[in-house]
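Each chain, letter by letter, is given below.
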Amino acid sequence: RFKLEIEMSDKTAESYPRLKSEDIEPLISGSKGGLYFYDFDRISYQFNKLKNTLPDNFKIHYALKANSNLTICRHLSSLGASADVSSTGEITAALKTGYLQEEIIFTGPGKTDEELKFAIDMSVGLIVVESLNEARRLNAIAKQFDIVQNILVRINPLYRVGSDSRFASIDS
């Protein structure tokens, strides 16, 4: 037997929700795997607190790798978040839960040609390019789709012109 209580620091003791063992025992006894509780009021509160702290021209991107639970993704999408994804599965989850295609950013090193094709085929808004090789491959794939793909180029500022970095010599 156990007792679970959830406290929220910005609420009074009388107003925060309390889950007692008798409330969750039926859920636990019927569960074969993990059991998670999410407080969507708290998620909304924290999201809006962050959003209201940032300048109006800032956009919050939720990294699905943090938690790709479809209900959480759908909730954050409904609050106005954009999506930061790093796999085809996360692209699918983002689209399935209401994120707009043009507000999805595809990040991560070592993307395969198949992943790049999938991202373009799904009209992902922005693809982060990690190397000159990846930029060339993406360009060739975008030509096959007859589109111009928006990209963000990741540059390591520690590299200097003449170093081993392929992007360091991009304008020569």
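Residues numbered from 1 in each chain as written. Predicted model: local features only at pLDDT ≥ 70, side-chain atom pairs only at ≥ 80, totals over all residues. Heavy atoms only, no water.

(A) Looking closely at the side chain of Gln-149. Locating Gln-149 in the fold gives a position in the loop between helix H6 (132-145) and strand E5 (151-153). The exposure class assigned to Gln-149 is buried, which follows from its relative accessible area of 14%. Apart from residues no more than four positions distant in its own chain, Gln-149 is found in contact with Ile-120, Val-124, Gly-125, Leu-126, Ile-127, Leu-138 and Ala-142. (Helix = DSSP H or I, 4+ residues; strand = E, 2+ residues; numbered from the N terminus. Buried < 20%, exposed > 50% of the residue type's maximum accessible area, 1.4 Å probe, protein only. Contact = heavy atoms within 4.5 Å.)

(B) Local environment of the nonpolar core. Core analysis: the largest hydrophobic core is formed by 26 residues, its most contacted members being Tyr-62, Leu-64, Leu-76, Val-85, Tyr-99 and Ile-127. Not counting chain neighbours up to four residues away, the residues in contact with Leu-64 comprise Cys-73, Ala-83, Asp-84, Val-85, Glu-90, Ala-93 and Ala-94. (Core = buried A, V, L, I, M, F, W, Y, C linked by side-chain atoms within 4.5 Å.)

(C) Highlighting unusual backbone geometry. Unlike most non-glycine residues, Ser-123 shows phi in positive territory, near 60°. Ser-123 sits in the partly exposed class, given a relative accessible area of 40%. Positive phi, close to 60°, is recorded for Asp-146, a residue that is not glycine. Within the element layout of this structure, Asp-146 appears in the loop between H6 and E5.

(D) Region of interest: the confidence of the model for the protein chain. With 81% of its residues at a pLDDT of 70 or more, the protein chain has an overall mean of 84. Low pLDDT, under 50, characterises residues 1-9; the predicted model gives this stretch 20 contacts beyond four residues in sequence or across chains. Contacts from residues 167-172, a stretch scored under 50 in pLDDT, to residues over four places away or in other chains number 10 contacts. (pLDDT = per-residue confidence, 0-100.)

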